[in-house]
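Understanding the architecture of this molecule
What follows is the residue order along each chain.
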Amino acid sequence: MNSRLIDFHCDVLYKMLYTGEVDFVQHDTRDVTLPKLREGGVGLQVLALFVEPSLVTGPPRFSQLVRMIDLYHEEMLKHPELQAIRWKQDLEEWQQASKIGTILSLEGVDALEGDLVYLRTLYHLGVRFVGLTWNHSNWAVDGTLEPRQGGFTETGKQLIEECERLGITLDVSHLNEKAFWELLELTDRPIIASHSNAASVFKHPRNLTDDQIKAIIDRNGRIGITYVPYFVADKEEVTIEDLVKHIDHIVELGGSKNLMLGSDFDGIDKKIKGLEHAGQHPALLEALEKQYGQAFVQDIAHTNAYRFLKENLPSRAE
Ligand SMILES: [Zn+2]
């Protein structure tokens, strides 16, 4: 199967920075390496910039994002098989060559420290998706695990406006539900949930309710099905069949053209059986092909995400 698979979320840059294992070919302990991307038929990988607030690394700082972007250039893009995608025009080049495309995203705006200059700088460096929060609160808004479930601050609202002006797509995975609905009032643009599943199949704060799923579909947004076992089912060993139930449910809600993949590889310590690194995406696609046929697999693995990029990436000024 050559679907030129598109994966909308992984944390390999975070892993590279914090483990110091920066070579993109070796390091078999990682989920995402160049050989594994090839083995899995991945044609385009979105790379999250994520800074975990911790006692070891201190509070999230912009310099930590810059270090990940430096690794992106020095360790990934030095391989001629990889291509940076920033603009709509880059997609045409990507389609003609058989390179693995890469796009930067930001997971949580904490490290921007409320400064929109930092946001614009990331945009100039190629960041095209912005996840508003990780699990906790930050200067813009609250995440899914923040008990007060607060909405947007004034600066958070300015951030939304600035993303809209620049052509950055907002990512609602990790955003609390109340803020999700507030966001839909604040912007008309399509949104994505890059790595979330369906809460009616398995109730977890990181999953989307049916109303949220329908709202994303109505906006012509996208939902990246994620391989995080603890969002899929409460079992010792979570299987691909368990994950497919989430896809079934979103299809039932009318989302067959809105589904895409958002693995969360290198951001998870436990795995779904048989879906344990980037080389194993085909195992999911084979299961889906048996049930839904080839056209559906092509949609979820490639076309739905590709169309979204084509419609929503900003154009380079000619
Ligand atoms: Zn995440």
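Preceding block: the structure.
In short, a report on the structure. (Residues numbered from 1 in each chain as written. Predicted model: local features only at pLDDT ≥ 70, side-chain atom pairs only at ≥ 80, totals over all residues. Heavy atoms only, no water.)

Moving on to the nonpolar core. Side chains of nonpolar character tend, in soluble globular proteins, to be buried together. Core analysis: the largest hydrophobic core is formed by 85 residues, its most contacted members being Leu13, Leu65, Leu112, Leu159 and Leu284. Looking at this core, the element that brings in the most residues is helix α3 (residues 62–76), giving seven residues. In this view, leucine 13 contacts Leu47, Ala48, Leu49, Met68, Leu71, Tyr72, Met76 and Leu104; residues no more than four positions away in its chain are not counted. Leu91, Trp94, Ala305 and Leu309 belong to the second-largest nonpolar core, a separate cluster that totals 16 residues. (Core = buried A, V, L, I, M, F, W, Y, C linked by side-chain atoms within 4.5 Å. Buried < 20%, exposed > 50% of the residue type's maximum accessible area, 1.4 Å probe, protein only. Helix = DSSP H or I, 4+ residues; strand = E, 2+ residues; numbered from the N terminus. Contact = heavy atoms within 4.5 Å.)

This part covers the coordination of the zinc ion. On the protein side, the zinc ion has Glu107 (OE), His174 (NE2) and His195 (NE2) as donor atoms, found 1.9 to 2.2 Å from it. Donor residues for the zinc ion sit on one chain with the sequence pattern E-x66-H-x20-H. You can see glutamate 107 sitting in strand β4 (residues 100–107) and its partner histidine 195 sitting in the loop between β7 (192–193) and α8 (210–218), a full 88 residues away along the chain. Each of the two residues, glutamate 107 as well as histidine 195, counts as buried. (Donors = N, O, S within 2.8 Å, 3.2 Å for Na, K, Ca; no water.)

The next subject is the pattern of salt bridges. Summed over the entire model, instances satisfying the criterion amount to 13 salt bridges. The salt bridge involving lysine 235 is made with aspartate 242; its shortest N-O contact spans 3.0 Å. When salt bridges with common partners are traced through the structure, they connect Arg120, Glu162 and Arg165 into a single cluster. (Salt bridge = Lys/Arg side-chain N within 4 Å of Asp/Glu carboxyl O.)

In this section: the packing of helix α4 (residues 88–96) against helix α12 (residues 294–312). In contact at an axis separation of 8 Å, α4 and α12 are set at 140° when each is read in the N-to-C sense. What the angle tells us is that α4 and α12 run oblique. Residues Lys88, Leu91, Trp94 and Gln95 of α4 form the contact with α12, whose participating residues are His302, Tyr306, Leu309, Lys310 and Glu311. (Axes fitted to C-alpha atoms, helices over the stretch in contact; angles between N-to-C directions. Parallel < 35°, antiparallel > 145°, perpendicular 65-115°, else oblique.)

The next subject is helix α10 (residues 240–252). Its 13 residues place the ends of α10 18 Å apart at the C-alpha level, agreeing with the 18 Å of an ideal helix rising 1.5 Å per residue. Inspection of α10 places Ile240, Asp242, Leu243, Val244, His246, Ile247, Asp248, His249 and Ile250 among the buried residues, and these make up the whole buried set. Positive phi appears at glycine 254, one or two residues downstream of α10, with a value of about 95°. (Expected span 1.5 Å × (residues − 1).)

Okay, α4 next. For α4, the set of buried residues is Gln89, Asp90, Leu91 and Trp94. Close packing links the buried residues of α4 with β1 (5–7), β2 (42–49), β3 (82–84), β4 and α12.

With phi around 80°, histidine 174 is a residue other than glycine that occupies positive phi space. Here histidine 174 shows up in the loop between β6 (169–171) and α7 (177–186). Take histidine 174: its relative accessible area is 6%, and that puts it in the buried class. The backbone phi angle of aspartate 264 is positive, close to 70°, even though this residue is not glycine. For aspartate 264, the location among the structural elements is in the loop between β9 (259–261) and α11 (281–292). Overall, the relative accessible area of 6% leaves aspartate 264 in the buried class.

Moving on, we come to the packing of α10 against α11. One can describe the packing of α10 onto α11 by two numbers: an axis separation of 11 Å at closest approach and a directional angle of 55°. Relative to α11, the element α10 is oriented oblique. Between α10 and α11 lies a crossing of right-handed hand. Facing Ile240, Leu243, Val244, Ile247, Asp248 and Val251 of α10, the residues of α11 in contact are Ala283, Leu284, Ala287, Leu288, Gln291 and Tyr292. (Left-handed = near helix turned anticlockwise from the far one by under 90°.)

Consecutive residues of a regular strand have side chains that alternate between opposite faces of the sheet. Here strand β5 (residues 127–131) lies mainly inside the structure; five of its five residues are buried. The pairing of β4 with β5 spans four bridges and is parallel. Within β5, the residue paired with leucine 104 across the bridge is valine 127. Alignment of β5 against β6, held across three bridges, turns out to be parallel. Across the sheet, valine 130 pairs through a bridge with leucine 170, a residue of β6. (Pairing = 2+ DSSP bridges.)

Quick look at the environment of glycine 293 now. Within the fold, glycine 293 resides in the loop between α11 and α12. By relative accessible area, which is 23% here, glycine 293 ends up partly exposed. For the pair glycine 293 and alanine 193, spaced 100 residues apart in sequence, the C-alpha to C-alpha distance is 25 Å.

Because side chains alternate across strand β8 (residues 222–225), one face comprises the buried residues Arg222 and Gly224, and the other comprises Ile223 and Ile225, equally buried. Of the strand pairs in this sheet, β7 and β8 are connected by two bridges, and their pairing is parallel. Pairing of isoleucine 192 across the sheet is with arginine 222, part of β8. Once you follow β7 into α8 and on to β8, the crossover reads as right-handed. The pairing of β8 with β9 spans three bridges and is classified as parallel. Pairing of isoleucine 225 across the sheet is with leucine 261, part of β9. (Right-handed = clockwise from strand over helix to strand, strands pointing away.)

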